[in-house]
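Here's the letter readout for the chains.
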Amino acid sequence: MNRIKHPDKKNGLSIIIAAEREMLFTLKQEVTEESSFNIIRNIYECFRMLGDARLISKGIKSQDHIEQIKELETIQVVTDRPIKVIDNLRRLRHNINYYGYIPTKPEAEDAVSIAKSCFFPLLKEIKKELSN
């Protein structure tokens, strides 16, 4: 259940700037078996932050990550991979955090692929929305 607040575009912009900075840092990291854990979690968190920023800018305080990721799926933007694959990252991150799953290098490479194909088009569109 979402709670309605006052729309806060300034806070939304701050969140997307932080997400962009974190994503740029994460994409510079070498993907190895050891780094897979952090790379996947960081990439997912950056997407989650984009969804949260969009909701906050609309005055909606979400209660969970699902709403934040679903918000990204409503954005009309052209990407190399479907936006819906971001939900796979959410499930993977959930298994890592709550079930002790140890991700593989190929899973981290797929997360990087998702980030490179989806994050920056979404970021650009949300920045445009919040700057108006």
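Residues numbered from 1 in each chain as written. Predicted model: local features only at pLDDT ≥ 70, side-chain atom pairs only at ≥ 80, totals over all residues. Heavy atoms only, no water.

Novice: I tried to follow the nonpolar core on my own but got confused; where do I start?
Specialist: One broad rule of soluble globular proteins: the nonpolar side chains tend to lie buried together. By size, the foremost hydrophobic cluster in this structure holds 35 residues, and its most contacted members are I43, F47, L50, L72, I86, F119 and L122. Among the elements of the structure, helix 1 (9-27), helix 2 (36-58), helix 3 (65-73), helix 4 (86-99) and helix 5 (105-131) are those that each provide at least two residues to this core. In this view, L50 contacts I16, A19, L72, F119, L122, L123 and I126; residues no more than four positions away in its chain are not counted. (Core = buried A, V, L, I, M, F, W, Y, C linked by side-chain atoms within 4.5 Å. Buried < 20%, exposed > 50% of the residue type's maximum accessible area, 1.4 Å probe, protein only. Helix = DSSP H or I, 4+ residues; strand = E, 2+ residues; numbered from the N terminus. Contact = heavy atoms within 4.5 Å.)

Novice: I tried to follow helix 3 on my own but got confused; where do I start?
Specialist: In an α-helix, one turn spans 3.6 residues; hence positions three or four apart end up facing the same way. Within the sequence span of helix 3, burial applies to Q68, I69, E71 and L72. Along helix 3, the residues classed as buried sweep out an arc of 150° about the axis, all on the same side. In this fold, the buried residues of helix 3 make contact with helix 2, helix 4 and helix 5. With a side-chain oxygen lying 3.2 Å from the backbone nitrogen of I66, the N-terminal cap of helix 3 falls on D64. (Arc of directions from axis to C-beta. Polar contact = N/O pair within 3.5 Å; in protein donor to acceptor, adjacent residues only side chain to side chain.)

Novice: Would you mind going over the packing of aromatic side chains with me for this structure?
Specialist: Each pair of aromatic rings is reported with the distance of its centres and the angle of its planes. Considering all chains together, one arrives at 2 aromatic pairs under this definition. Judged by centre distance (5.1 Å) and plane angle (85°), the ring pair of F119 and F120 falls under edge-to-face. (Phe/Tyr/Trp six-rings, centres within 6.5 Å; stacked < 30°, edge-to-face > 60°.)

Novice: Help me understand the pattern of salt bridges, please; the structure alone is not making it clear to me.
Specialist: Proximity of charged atoms lets side chains of opposite charge pair with each other. Evaluation of the coordinates by the stated rule reveals 11 salt bridges. For the salt bridge of R54 with E129, the shortest nitrogen-to-oxygen distance reads 2.7 Å. Of the two residues, R54 sits in helix 2 while E129 sits in helix 5, which places them 75 residues apart along the sequence. Look at R54 and you get buried, because its relative accessible area is 9%. In this structure, the salt-bridge partner of E73 is K84, at a minimum N-O distance of 3.5 Å. Of this pair, E73 sits in helix 3 while K84 sits in the loop between helix 3 and helix 4, and the two are 11 residues apart along the sequence. Given the relative accessible area of 58%, K84 is considered exposed. (Salt bridge = Lys/Arg side-chain N within 4 Å of Asp/Glu carboxyl O.)

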